[in-house]
Amino acid sequence: AVRKKAIVAVHRFFKIVPESVLDQKDQIRKVLCDPDPSVMGASLHVLCEMAKAHPAASKDLVPSFVSILKQITEHRLPRDFDYHRMPAPWLQVKLLSILSILGTADKAASEHMYEILQECMRRADSGVNVGYAIIYECVKCITRIFPDHGLLELAASNISRFISSENHNLRYLGVTGLAQIVQVNPAYAAEHQMVVVDCLEDPDETLKRKTLDLLFRMTNPQNVVVVVDKLTFHLRTSVDAHLRRDLVQKITSLAERFAPDNEWYVNTMNTVFELSGELVPAETAYNLMRLVAEGAGEDESADNAFRVFAVNTYLKLLEKPTLSDILVQVIAWVLGEYARLATIDGYTIEDIADLLTECIERPFEDSSTRGYLVTALLKLIGQHGLKSTTAEDIIRSYRSSRMTDLQQRCYEFEQLRQSPALMRKVLPYDASCEDIIVNKDLTFLESFVRQKLDEGAKPYQNASERAARVQSNSAPKAEAESKPSLNFMPYEAPTKPPPTPFPAASIETHDSGVPGAGAAEASIPTGLNVSGPRKWGPSGYNQPHGKADPPQAPVQEKPAVAQSESFSQVHQTNQKPAPKAEPPAMNEKQKMAAALFSGLGSAGATSTSAAPSAPKAQAVRTQPREKVMEAPAVPASSPVDLLDLDDGASPPVAPISQSPSPSAPSGDMLLLDMDESGPAQPLSVPAVQPQPVQPPQLLGPLQVTTAQVATMWPQLASERVAQIHTSLGSCQEMMFRLQSAVNVSPVEIIGMEGIAAGRVLPGNEPCFLHGKLAPPRLDIKIRCRDAGVAQSVADLCQRSLS
């Protein structure tokens, strides 16, 4: 109990001040081998936090975590840890969470996990809720590690049972798991299209929200219009502020990524501005203005036609009595720049100026909105030489406004109004995209400076001259302070050495059977201390005094395809051969499903099947592992038992797979099994297949966190963007390709975006890569200090990711 409370306290210390715990990392790793399983379970929490902070430093623990999870699933723990006949489910969930972190974008580490994930899902399939929780955690782990086709099929098979259940909790779990799977391959959602449409109409609010999130994740250019319409409908009817903010973010993201044309994008954003303009960030409005100004950049006539469409659209919107502030700002900017392109009958430049003048008197929540309207009037009057008495009176009335920005604009208008030629030059037509020429030397001020110098003003001193003057003035004071006197300066605060990544623990087992061997080396402990009471033996968990637990009756496990009654009926209906008949006419719900799931492989068919048949899932589980991972065979060796502390030989354990698996290591970093034959063999990791593109010695891996990337990103001046036509289908594949070809370290994967970090060799200057995948397009943004390095990295990404 004392050791367990101590490791809990260490976990709390790590969450508050991580640097205070990192220097004790070796002792924390040893707790993983504690003979008491409750202490070992408590150590998983702090090890999970360390894996999140420094994933690369914990990669060598993957075989140990796999070994612990295997022994837990084999009922090696005492019955006190069982819950509804499920062995230590909370330990299994925590171990699966750790494995998902360590296996992200790492093929070698993921190959160690494939077999145990398959076995864990098979044993957890017992028809109880805690088993479903373990299956869901396995699905999350499978979708985060390096993808494996067999495991993805098995995960989709289990999720299909959840989403087809009548239990709302299981359907929620199924929709959540399906949202995880579609990030890897959206085609897995195609067979559940009718169930997803039913969930959209379900009265359960939580299930409906999770289904909207699923639609967002599986959106593609073919179904973006239908999905955005569904999201907009819920934005129009919802009153929950959190849901509305989330829907605004989703609609904006989908419109920017998959817009079929510019006109649809403008109409969609106008709808969002009208429904919830206060929730839209300012960057979204700026992006819309830039699109109107720059256009697509391919055809000037098409861009001009698009601007005409935008002007006519915003003229109609300006007549509405109530508009959001951000929409009024966009309207004012577009009409101020391109009002002359209006083609609506009955609207002249004078009419547009009158509309803008009337709009100024409306109440606004944002004080800067009137500034947009005043600037629009400035542009119209300056470019077209209008003489609007109403506009001039209103602008003159706002000279005494409390808003200094609005007040300044009104005074600028009055000054420029006195010189129409200067006003046209200062406010030219369609000049928002032109470069501004800046006179850095300020030569136009030379006459003014000369005049002030003649009047007796002091000449300007640059920074070096001012510093030399300050230093010369402080010299006499320094001489006075150099005389002997009392020193009241405090001592310098002690500095703590910076934390270093976890080094690979060197484990060495000494052969106690040879007398006199290693006497000098025995005084220096280089490995884990495995002496003391041992509770884990070849037969499982033993009592401290050598009394073994009474033999337990073997629990008859259900086969992998056996389910609860609600699920078995679904499987029986699916196993019946479907008679060949003409496809019936689609109703409204089937048409909606076909539109939502278009572009997802077999999404065009309106299949109503819920779960795949049981023989298919069984075939996936029994297929040879060599065909799935295509890894070279590893010499067979005795499996490592992390929790086995007895010196005797362990009884043979029936292998899970008939063929030798590359995930079975020949040695364990945290080996606690004392072997009489000699020291433990080094860890054998399956060799990773060489990539066709060899990484040049340009970058080296750099271990940083997402917060550190966000801090250092603005400090890197050079940026390059590589737009690549790629065949990659997931961010996991993109990260693995970057890690192997560009030699960088993955930082984080969020949906279809990923961040990687490297250091410029031979130094330590950071170089960050941000990838945004929208198959078949991949945008890679590179940030570093050297423009040449950024261009070289962009070229390397272009070659290796295309």
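The structure displayed is predicted, hence computed values, not measured ones.

Caption draft 1: Inspection of the packing of aromatic side chains at higher detail. Taken as a whole and judged by the stated rule, the model has five aromatic pairs. On the numbers, 5.1 Å between centres and 65° between planes, the contact of Tyr 83 with Trp 90 is edge-to-face. Residue classification places Trp 90 among the exposed residues on the basis of a relative accessible area of 58%. Aromatic pair Trp 333 and Tyr 338: ring centres 6.3 Å apart, planes at 70°, arrangement edge-to-face. The two residues Trp 333 and Tyr 338 agree in class, both being buried. Taken together, Trp 333, Tyr 338 and Tyr 429 form an aromatic cluster joined through their ring pairs. The positively charged end of Lys 250 is found above the aromatic ring belonging to Phe 216, 5.4 Å away from the centroid. Just above the ring of Tyr 429 sits the side chain of Arg 340; from NZ or CZ to the centre is 3.9 Å.

Caption draft 2: Layout of helix 12 (residues 193-200). Across the eight residues that make up helix 12, a large majority, seven, are buried. Of all the positions in helix 12, only Gln 193, Met 194, Val 195, Val 196, Val 197, Cys 199 and Leu 200 are classed as buried.

Caption draft 3: Looking closely at the nonpolar core. In this structure, Phe 65, Tyr 314 and Leu 356 are the most contacted members of the largest nonpolar core, which totals 154 residues. The greatest single-element share of this core, amounting to ten residues, is contributed by helix 19 (residues 325-338). Those residues in contact with Tyr 314, other than ones at most four positions away along the chain, are Val 266, Asn 270, Leu 288, Leu 327, Val 330, Ile 331 and Val 334. Judged by nonpolar contacts, the second largest core, of 29 residues, contains Leu 738, Ala 756, Leu 769 and Ile 780.

Caption draft 4: Quick peek at a positive patch on the surface. Judged by side-chain charge, Arg 12, Lys 15, Lys 52 and Arg 144 come together as a positively charged surface patch. Assignment of secondary structure puts Lys 15 in helix 1 (residues 2-16).

Caption draft 5: Spotlight on the pattern of salt bridges. All told, the structure shown has 25 salt bridges when counted by the stated rule. The partner of Asp 213 in a salt bridge is Lys 250, with the nearest N and O atoms 3.7 Å apart. A residue pair is termed long-range when its members are at least 10 positions apart, and Asp 213 in helix 13 (residues 205-217) and Lys 250 in helix 15 (residues 241-258) qualify at 37 residues. For the pair Asp 213 and Lys 250, one class covers both residues: buried. Residue Lys 320 is joined to Glu 274 by a salt bridge in which the shortest nitrogen-to-oxygen separation is 2.8 Å. Residue Lys 320 is located in the loop between helix 18 (300-318) and helix 19, and its partner Glu 274 is located in helix 16 (residues 262-276); the two are separated by 46 residues in the primary sequence. Several salt bridges share partner residues, and in doing so they unite Asp 213, Arg 217, Asp 246 and Lys 250 into one network.

Scoring rules and cut-offs
- Within any chain, residue numbers begin from 1 and follow the written order of that chain's sequence.
- Local features in a predicted model are, by the rule used here, given only for residues with pLDDT of at least 70; side-chain atom pairs are given and counted only at 80 or more, and totals for whole chains, interfaces and linings are based on all residues.
- Side-chain descriptors were evaluated using all non-hydrogen atoms of the structure, hydrogens and water having been removed beforehand.
- Ring pairs are drawn from Phe, Tyr and Trp, using the six-membered ring of Trp, whenever the two centres fall within 6.5 Å, and their geometry is named by plane angle: stacked under 30 degrees, edge-to-face over 60, tilted for the rest.
- Relative accessibility decides the category of a residue: with a 1.4 Å probe and only protein chains considered, values under 20% of the type maximum give buried, values over 50% give exposed, and everything between is partly exposed.
- Over a ring means this: the NZ of a Lys or the CZ of an Arg is within 6 Å of the ring centre and within 35 degrees of the ring normal.
- For the purposes of this entry, the term helix denotes a DSSP run of H or I that reaches at least four residues, the term strand denotes a run of E that reaches at least two, and both are numbered from the N terminus.
- What we call a nonpolar core is a set of buried Ala, Val, Leu, Ile, Met, Phe, Trp, Tyr and Cys residues that are connected through their side-chain atoms within 4.5 Å.
- It only takes one pair of heavy atoms within 4.5 Å for two residues to be counted as in contact.
- The patches reported here contain residues having more than 30% relative accessible area and no salt bridge. Joining distances are 9 Å for like charges and 5 Å for nonpolar side chains (Val, Leu, Ile, Met, Phe, Trp, Tyr).
- All accessibility values rest on the Shrake-Rupley procedure with a 1.4 Å probe; residue burial counts only the protein chains present in the view.
- Here a salt bridge means any side-chain nitrogen of Lys or Arg lying within 4 Å of a carboxyl oxygen belonging to Asp or Glu.
- Positive charges are assigned to Lys and Arg, negative charges to Asp and Glu, while His and the chain termini are left out of the count.
- In plain terms, the charge of a residue is placed at NZ if it is Lys, CZ if Arg, CG if Asp and CD if Glu.

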